[in-house]
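# Analysis of the macromolecular model
Each chain is listed here by its residues.
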Amino acid sequence: NGAHRIAAEIAPLLVSFTGEHVGDPRLLICLFGPPALHVDLKFVKVQDAANRVDEPVVLWERETALSSVLRISEARYPTPAPQWIEDRFWVWIHYAAAKIGRGENLEASEFLSFLRTTVLAPLGLSQLGQRPSGVRRVEQIAPQLARELEQTVAALDSQSLIHSLGMAVAIYRRMRDQLEIPISRHNAAELAAIDYLAQVARKLGVSL
């Protein structure tokens, strides 16, 4: 299509594909080369440039069409919604514990990654005044948070997975206590999920 054709005119294009997997089909992910160079191109209408997550540098434009839109709007990076997370977190913990109990260790490990990316890193970075962009560059941006998140990275055995899931719970509870806005806590769900996690640990003969 037109986007691929434009990309191919920039430099030798090895391969490109659109960004449906990240929820943005306007994004064209390109690999140029050799030497290999990864570049993301986004194709948007001028009026749509008002909705953005960062401030671009305008290298070229017709008249001031793009600059005018950027000047009257500002970038807004999506921030984690604490109530949305609390409404789901304890179901997620129950789900992960069930996977460990069934011996689905790869699935449980994958789900711990989901919790880090979707819950723990965004909340932690937001509380530090940083962009909540998952675990991307967290080691450089927030080294202490990165070390804390390392405790949720498990080996593929039940003891390590149970321990890491318990650490994810502990980190979430700490972050929740530090929220600046009040949320409605699901105390009964929290108790049930933690009790279930403890049951799974006992069944497997491992410590929580």
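The model shown is predicted, which means the values in this text are computed figures rather than measured ones. (Residues numbered from 1 in each chain as written. Predicted model: local features only at pLDDT ≥ 70, side-chain atom pairs only at ≥ 80, totals over all residues. Heavy atoms only, no water.)

### A closer look at helix α8 (residues 187-204)
Just so we agree on the cut-off: The way it works is that DSSP assigns letters per residue, a run of H or I at least four long becomes a helix, a run of E at least two long becomes a strand, and they are numbered from the N terminus. Helix span is expected to be 1.5 Å times the residue number reduced by one. Partly exposed describes any residue whose relative accessible area lies between the buried limit of under 20% and the exposed limit of over 50%, with all areas from a 1.4 Å probe on protein chains only and scaled to the type maximum. Throughout, the arc means the angular range of directions from the helix axis out to the C-beta atoms. Here, residues are in contact when the closest pair of their heavy atoms is within 4.5 Å.
Relative to the 26 Å expected for 18 residues at 1.5 Å per residue, α8 spans 26 Å between its end C-alpha atoms, a close match to the ideal helical length. Among the residues of α8, those classed as buried are E190, A193, L197, A198, V200 and A201. Buried residues of α8 fall within an arc of 160 degrees about the axis and therefore sit on the same side. Exposed residues pointing more than 90 degrees away from the buried face of α8 are listed as A188, L191, R202 and K203. In this structure, the buried residues of α8 make contact with α3 (82-101) and α7 (158-177). At the exit of α8 stands G205, carrying a positive phi of roughly 70 degrees.

### Remarks on the pairing of strand β3 (residues 37-42)
Within a regular strand, the side chains alternate between the two sheet faces. Note the following rule: A pair of strands counts as paired when DSSP detects no fewer than two bridges linking them.
In this sheet, β3 lies alongside strand β2 (residues 24-32) in antiparallel orientation, the contact comprising six bridges. Residue pairing in the sheet places L31 in a bridge with H38 of β3. The hairpin turn running from β2 into β3, its antiparallel successor, is four residues long, and G33 in that turn takes a positive phi close to 145 degrees.

### Focus on the nonpolar core
Stated formally: Throughout this description, the term nonpolar core refers to a set of buried Ala, Val, Leu, Ile, Met, Phe, Trp, Tyr and Cys residues connected via side-chain atoms within 4.5 Å.
Among the nonpolar cores identified, the biggest contains 36 residues, and F89, I93, L115, V119, L165 and Y172 are the most heavily contacted of them. Of all the elements in the fold, those that place two or more residues in this core are α3, α4 (105-127), α6 (143-150), α7 and α8. At nine residues, α4 tops the list of elements feeding residues into this core. Excluding residues within four positions of it along the chain, V119 makes contact with I85, F89, W92, F114 and Y172. Formed by six residues, the second largest nonpolar core is a distinct cluster that contains A7, L28, C30 and L41.

### A short note on a nonpolar patch on the surface
Stated precisely, the cut-off is as follows: Each patch groups residues whose relative accessible area exceeds 30% and which form no salt bridge, using 9 Å between like charges and 5 Å between nonpolar side chains of Val, Leu, Ile, Met, Phe, Trp and Tyr. All accessible-area figures derive from a Shrake-Rupley calculation using a 1.4 Å probe, and residue coverage is judged against the displayed protein chains alone. For this document, the term salt bridge refers to a Lys or Arg side-chain nitrogen within 4 Å of an Asp or Glu carboxyl oxygen.
A surface patch of nonpolar side chains, amounting to about 260 Å² of accessible area, comprises I6, I10 and F43. Topologically, I6 is positioned in helix α1 (residues 2-10). Classification of I6 as partly exposed rests on a relative accessible area of 42%.

### What about the sheet that holds β3?
We apply this condition: Every axis in this analysis is a line fitted to C-alpha atoms, fitted for helices over the stretch in contact. Angles between the N-to-C directions lie between 0 and 180 degrees.
Read from one edge of the open sheet, three strands run β1-β2-β3, paired in antiparallel fashion. Bordering the open sheet on either side are β1 (13-19) and β3, each of which pairs with just one other strand. Shown here is a sheet whose adjacent strand axes are inclined to one another by a mean of 20 degrees, direction ignored.

Geometric descriptors of this kind do not, in isolation, establish any biological role.
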